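Reading the structure
The residues making up each chain are set out below.
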Amino acid sequence: MDEPSMPTPPAHSPGPPAPPIPLAELLASKDLGLRRIAGPADAELLWVHTSEMADPYPYLLGGELLLSAGVLLTDPDHYVARLVEAGAAALGFGVRPVHETVPEALIEACDRYGLPLLEVPPETPFTAIARAVWRLMAEARHRELRRVTRAQQALATAAARPDPVPAVLHQLAAQLSGRAVLLTGRGEEVHAAGRRPPPEAAAALARLARVVARERPGSPASATDTHGGTHLAAYALGGGEGLALALATRRREAGDHTVAGIAVVLLSLLAAPHQGADAADRSAALVRLLLGATPAEVAPLLGSPGPWTVIHARRSDGTTADALTAGALGASLGSALVDAGREGGDTVRVLLPSTGGEATREAVSGEAAARREVTPQPGGDEEPPTPPQAPAVTPQPGWTLGVSTPTPLAALDSADLRAARALAHAEATRAPLTVDTPVTGLAALIPPGQAAAHARTLLAPLTPPLADTLRCWLSLHGSWDRTAVALAVHRNTVRQRIGRCAVLLGVDLNDMDVRTELWFALRQE
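Residues numbered from 1 in each chain as written. Predicted model: local features only at pLDDT ≥ 70, side-chain atom pairs only at ≥ 80, totals over all residues. Heavy atoms only, no water.

1. Let's talk about the packing of helix 14 (residues 464-475) against helix 15 (residues 480-487)
What counts, and what does not: Fitted lines through C-alpha atoms give the axes, limited to the stretch in contact for helices. The angle between two N-to-C directions lies from 0 to 180 degrees. Helix and strand definitions follow DSSP, with helices as H or I runs of at least four residues and strands as E runs of at least two, each counted in order from the N terminus. Note on angle classes: values under 35 degrees are labelled roughly parallel, values over 145 roughly antiparallel, values of 65 to 115 roughly perpendicular, and the remainder oblique. Here a crossing is called left-handed whenever its near helix is offset anticlockwise from the far helix by less than a right angle, and right-handed whenever the offset is clockwise. Should any heavy atoms of two residues lie within 4.5 Å, those residues are considered in contact. Residues are grouped as follows: nonpolar covers Ala, Val, Leu, Ile, Met, Phe, Trp, Tyr, Cys and Pro; charged covers Asp, Glu, Lys and Arg; every other residue, Gly included, is treated as polar.
Direction vectors running N to C along helix 14 and helix 15 enclose 130°, while the axes themselves pass 9 Å from each other. It follows from the interaxial angle that helix 14 and helix 15 lie oblique. In this structure, helix 14 meets helix 15 at a crossing whose hand is right-handed. Contact with helix 14, carried on its side by Thr469, Cys472 and Trp473, involves Trp480, Thr483, Ala486 and Leu487 of helix 15 and no other residues of that element. In terms of residue class, the contact of helix 14 with helix 15 is built from five nonpolar, two polar and no charged.

2. Side note on the nonpolar core
Put simply, the rule reads: Nine residue types can take part in a nonpolar core, namely buried Ala, Val, Leu, Ile, Met, Phe, Trp, Tyr and Cys, and a core is a set of them joined through side-chain atoms within 4.5 Å. Under the scheme applied here, a residue whose accessible area is under 20% of the maximum for its type counts as buried, over 50% as exposed, and between as partly exposed, the area being computed with a 1.4 Å probe on protein chains only.
Ranked by internal contacts, the top residues of the largest apolar core, which has 31 residues, are Leu155, Val168, Leu169, Leu172, Leu237, Leu245 and Leu247. At the level of elements, helix 4 (126-159), helix 5 (164-176), strand 8 (178-184), strand 11 (230-236), strand 12 (243-249) and helix 7 (256-271) are the ones that each hand at least two residues to this core. Counting residues per element, this core draws most heavily on helix 7, at nine residues. Setting aside anything within four residues of it in sequence, one finds Leu245 in contact with Leu169, Leu172, Val181, Ala233, Ala234, Tyr235, Leu237, Ala260, Ala263, Val264 and Leu267. Counting 22 residues, the second largest nonpolar core, distinct from the first, contains Ile21, Leu26, Leu32 and Met137.

3. Describing the sheet that holds strand 14 (residues 338-339)
Rules: Here a strand pair is declared whenever DSSP counts at least two bridges between the two strands.
An order of 14-15-13-16-17 is seen for the five strands of this open sheet, with the pairing classed as mixed. Sheet topology places strand 14 and strand 17 (433-435) at the edges, where each strand pairs with a single neighbour. Alignment of strand 14 against strand 15 (residues 348-353), held across two bridges, turns out to be antiparallel. Paired with Asp339 across the two strands is Arg349, which belongs to strand 15. Helix 10 (residues 323-333) rests against strand 13 (308-315), strand 14, strand 15 and strand 16 (399-403) of the sheet, and its axis sits at about 25° to strand 15. Packing of helix 12 (residues 412-429) onto the sheet brings it into contact with strand 13, strand 15, strand 16 and strand 17, and relative to strand 13 it is tilted by some 35°.

4. Topic: the pattern of salt bridges
Here is the rule we go by: Each reported salt bridge corresponds to a side-chain nitrogen of Lys or Arg within 4 Å of a carboxyl oxygen of Asp or Glu.
Counted according to the given criterion, the structure contains 21 salt bridges. Between Glu139 and Arg135 there is a salt bridge; the shortest N-O distance is 3.3 Å. Of the two residues, Glu139 and Arg135 both sit in helix 4, four residues apart, roughly one turn of that helix. The closest approach of N and O atoms between Glu144 and Arg141, which form a salt bridge, is 3.3 Å. With Glu144 and Arg141 both in helix 4, this residue pair falls three residues apart, about one helical turn.

The structure is reproduced here in structure tokens:
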């Protein structure tokens, strides 16, 4: 009984989980004895299907290698036209017992419509062809999984680098042998890697990125297109509002979409490492500051009333860090309070809150609670509150850091200056991290008010640039070259400034007692 005819084909279902098989791979299986006798050589097989219907069009999904012995073949031209309309990838025609040879009219029709035609010898069962296709699919799937696994490892390694966003894009471009670009919703490049596509394809890629940039409700999460032989794809980043990953490749291979999906997840996390309630609290703190609140009043919204540590950082290779790279540094240090230096500077500033314990009133008001000894009351069972712990700052690969000592809110401007000095010291000594040390030892025994008054009197003849130069020179043990590096001036400028300090102060800077007294005074600022 003939299968019932249907007026329209069903909607195309998604392809199988295995990647498509090039027709050439199937023809390379010598044991099958298949021979292409008509149509193009390039085709990709998604399925294998056997049918002896006069018109199998309604039952095809597209991408099939259709196997037939031509039992009901009466009109080869109409038969091939319907196969092409259904999206069949190729036709395998078995000779004998129905036909001694492949009909000439069928060969001509396949050449005319561009459908690959394979001659199946009598000794090759159709089931053997199906089994060979499934075997090739399994092998291709295994190769794809291995490739995706290697790509995942490479992308994860790139995400752990000091410059994670550019590193992930470079690795993605290498994995796909194409162009990877991070674009804003307006089509502006944030980062890019890989060979540039032709200008027309680049413009089409920017337009595609705007489609998925989520600037309008209902925008798709991804989109693809082809322009002049260049395959284009764009993906919206889940964590970065208005950002899109755009790809341009000359060819599209199995696993490309999966590799791109891994990169999208990583870039989404890197582009917005801190979201949710923390972001809402930071926004509230900013609004309150703009409306007249004091830093002490908004500090609890930022995670801690104090003390705070200020960190200055610069890239070790001398390049300027963008906002995403600076945000990744803040995430590594454990803080979302990052100033990426967007005003043209190359210094990134991070504000790091204290961790653990119960904040004391002295920490907020600026009094040195650490100098007080807590004496438990007789018969008291309560233990004194644990003071906040200063965060442990560790060197970050690819960065040079200068770190202030934990500082109360009222003295953050001073901590900012000390962190800048620590960074200059670190760069001069080629150290990955320098921490500004607090006043300790004998100097800490002198009341701060008296020490500051003495310092102001002693250093009064010096201008701020001269005082900064003298402080840096003393901290580097009188090294002209290192001081010049730290201050970004010529060594002769350092010599002139130090000579001027000696004249204005009326002292001999080669005397260790003089150096010690000046260092003590400079430490009070």
